[in-house]
Amino acid sequence: MGKMTLHSAEVPIRCVVFDLDGTLVDTLGEITSGLNAGLAAVGVAPHDRENVRGWIGDGVEKLIERALPRRHSDRSEDVLRAALSAYRSRVGSLSQVYPGIADCLRSLRQDGLGLAVLTNKSHEVATAMVQRFFPDVFEVVEGAAEGRPLKPEAAALRGISGRIGIDVAEVLMVGDSSVDIEAAANAGARVAAVTWGFRSRSELAAGSPD
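The text that follows walks through the structure, step by step, so that each part is easy to find. What you are looking at is a predicted structure, and each value in this text was computed from that prediction instead of being measured. (Residues numbered from 1 in each chain as written. Predicted model: local features only at pLDDT ≥ 70, side-chain atom pairs only at ≥ 80, totals over all residues. Heavy atoms only, no water.)

Focus: the state of the cysteines
Then step 1. This model, assessed by the stated rule, comprises zero disulfides.
Then step 2. Counting only cysteine sulfurs, Cys104 is the nearest neighbor of Cys15, a cysteine outside any disulfide, at a range of 13 Å.
Then step 3. Given the relative accessible area of 0%, Cys15 is considered buried. (Disulfide = S-S within 2.5 Å. Buried < 20%, exposed > 50% of the residue type's maximum accessible area, 1.4 Å probe, protein only.)

And the structure:
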């Protein structure tokens, strides 16, 4: 996979940027557990995994906004604090790396490609999870932090290519949601959508990934 030819242009792929949740690691159980702990703190009933699956991808604030009934919308900050506290205490404990990912990453590194993670998960939690499951694998790990743009903004992916020192056209984004597809399109990168994550094949295909 050292070079990938798409459309009519021959531009070598020099770096593969992975989404985290639903792409590298199955975190659905852990996210659901943390969210429900936050909801319980304000007396809101829990949600099941399948509901939560469809709400993941745009960051924790959006996740809470989607999960919180409108009549409790004024408690979102309380839910956020409780959910993050619960989630931080169990990072990685209810999650597992998807089958084949370790071999995939090893093969890409052997081909001389740069590897990075770009996620809308908080930067603190993202780096802890990457360190737990993929120590010394990724050159760059970027999560949500104050002043940092989230996917699908173009600057999120362009910032990583700049840090690595390559053109964004030499980047392949790999993710499991329309947010990843849009992020690549906005930045001018190529994108591969994976079907083992949190979205259906039909939803991903609608975004026309490469």
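Looking at helix H7 (residues 154-164)
Then step 1. Residues of H7 that are buried include every one of Ala154, Ala156, Leu157, Ile160 and Ser161, and no others.
Then step 2. Residues of H7 that are buried make contact with strand E1 (15-18), strand E4 (114-122), strand E5 (140-144), strand E6 (171-175) and helix H8 (178-187).
Then step 3. In the segment just after H7, Gly165 is the residue with positive phi, at about 90 degrees. (Helix = DSSP H or I, 4+ residues; strand = E, 2+ residues; numbered from the N terminus. Contact = heavy atoms within 4.5 Å.)

Brief notes about the packing of aromatic side chains
Then step 1. For the structure on display, the rule yields four aromatic pairs.
Then step 2. Ring centres of Phe18 and Phe138 lie 6.3 Å apart, and the angle between their planes is 75 degrees; this geometry places the pair in the edge-to-face category. Here Phe18, found in strand E1, pairs with Phe138, found in the loop between helix H6 (123-133) and E5; they are 120 residues apart in sequence, far enough to count as distant.
Then step 3. Judged by its relative accessible area of 13%, Phe138 is buried.
Then step 4. Taking 6.4 Å as the distance between ring centres and 50 degrees as the angle between the ring planes, the aromatic pair formed by Tyr98 and Trp196 counts as tilted. Here the residue Tyr98 occupies a position in the loop between strand E3 (96-97) and helix H5 (101-110), and Trp196 occupies one in the loop between strand E7 (190-193) and helix H9 (201-205), the gap between them amounting to 98 residues.
Then step 5. Overall, Trp196 belongs to the partly exposed group, its relative accessible area being 42%. (Phe/Tyr/Trp six-rings, centres within 6.5 Å; stacked < 30°, edge-to-face > 60°.)

Re helix H4 (residues 76-88)
Then step 1. Given a rise of 1.5 Å per residue, 13 residues ought to cover 18 Å, and the 18 Å separating the end C-alpha atoms of H4 matches this to within 8%.
Then step 2. Among the residues of H4, Val79, Leu80, Ala83, Leu84, Ala86 and Tyr87 are the ones counted as buried. Down the axis of H4, the buried set is contained in an arc of 165 degrees. They therefore lie on one face.
Then step 3. For H4, the secondary structure elements touched by its buried residues are helix H1 (28-40), helix H3 (60-67), E4 and H6. (Expected span 1.5 Å × (residues − 1). Arc of directions from axis to C-beta.)

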